[in-house]
Amino acid sequence: MIKKVWYQISTPLAGQRIHAVWDHAKILFVDADGVILIEHPLPSPGTTYVGNGQRSGRRPASTGTHC
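Analysis parameters
Residues numbered from 1 in each chain as written. Predicted model: local features only at pLDDT ≥ 70, side-chain atom pairs only at ≥ 80, totals over all residues. Heavy atoms only, no water. Helix = DSSP H or I, 4+ residues; strand = E, 2+ residues; numbered from the N terminus. Buried < 20%, exposed > 50% of the residue type's maximum accessible area, 1.4 Å probe, protein only. Contact = heavy atoms within 4.5 Å. Pairing = 2+ DSSP bridges. Axes fitted to C-alpha atoms, helices over the stretch in contact; angles between N-to-C directions. Phe/Tyr/Trp six-rings, centres within 6.5 Å; stacked < 30°, edge-to-face > 60°. Core = buried A, V, L, I, M, F, W, Y, C linked by side-chain atoms within 4.5 Å.

### Observations concerning the overall build of the chain
Part 1: Check the secondary structure of the chain and you find 0 helices and 5 strands.
Part 2: Ordered by position in the sequence, the α and β elements of the chain form the string β-β-β-β-β.
Part 3: Among the 67 residues that make up the chain, the fraction classed as buried is 18%.
Part 4: If you take every contact in the chain between residues at least 6 apart in sequence, the share linking residues at least 24 apart comes to 33%.

Laid out in structure tokens, this is it:
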């Protein structure tokens, strides 16, 4: 949570330390090596949650490739 807004990053990153950097226009989430994980424009006033752009729930199992 940053400035009263929850940001969804990515489930595989759960438990890892990431850093948030923001200015007047955007917010960046980076890993310990400085690699940008995700970037968002700053949300409108009153926004309390920003998703990561992925649907919630489990991903469907891969069915393989067909030739």
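### Examining the sheet that holds strand β3 (residues 26–30)
Part 1: In spatial order, the strands read β2-β3-β4; together these 3 strands make up an open sheet with antiparallel pairing. Whereas interior strands pair on both sides, the edge strands pair on one side only; in this sheet they are β2 (19–22) and β4 (36–41). Direction aside, the axes of adjacent strands within the sheet are offset by 20 degrees on average.
Part 2: By the bridge criterion, 4 bridges tie β2 to β3 in an arrangement that is antiparallel. From the neighbouring strand, V21 faces β3, where its bridge partner is L28.

### Quick notes on the packing of aromatic side chains
Part 1: Under the criterion given, the structure shown has 1 aromatic pair.
Part 2: Centre to centre, the rings of Y7 and F29 are 5.2 Å apart; their planes meet at 55 degrees, and the pair counts as tilted. You can see Y7 sitting in strand β1 (residues 6–7) and its partner F29 sitting in strand β3, a full 22 residues away along the chain.
Part 3: On the basis of relative accessible area, Y7 is assigned to the buried category, the value being 14%.
Part 4: Judged by relative accessible area, which is 5%, F29 ranks as buried.

### Things to note about the nonpolar core
Part 1: By size, the foremost hydrophobic cluster in this structure holds 8 residues: I2, V5, Y7, I9, I27, F29, I38 and V50.
Part 2: In contact with F29, not counting residues within four places along its chain, are I2, Y7, I9, I18, H19, A20, V35, I36, L37, I38 and H40.

### Quick word on the pairing of β4
Part 1: Note: β3 against β4, 5 bridges, orientation antiparallel. Looking at β4, one finds that V30 is bridged to I36.
Part 2: With antiparallel pairing between neighbouring strands as the criterion, β3 and β4 make up a hairpin whose turn holds 5 residues, including G34 at a positive phi of roughly 90 degrees.

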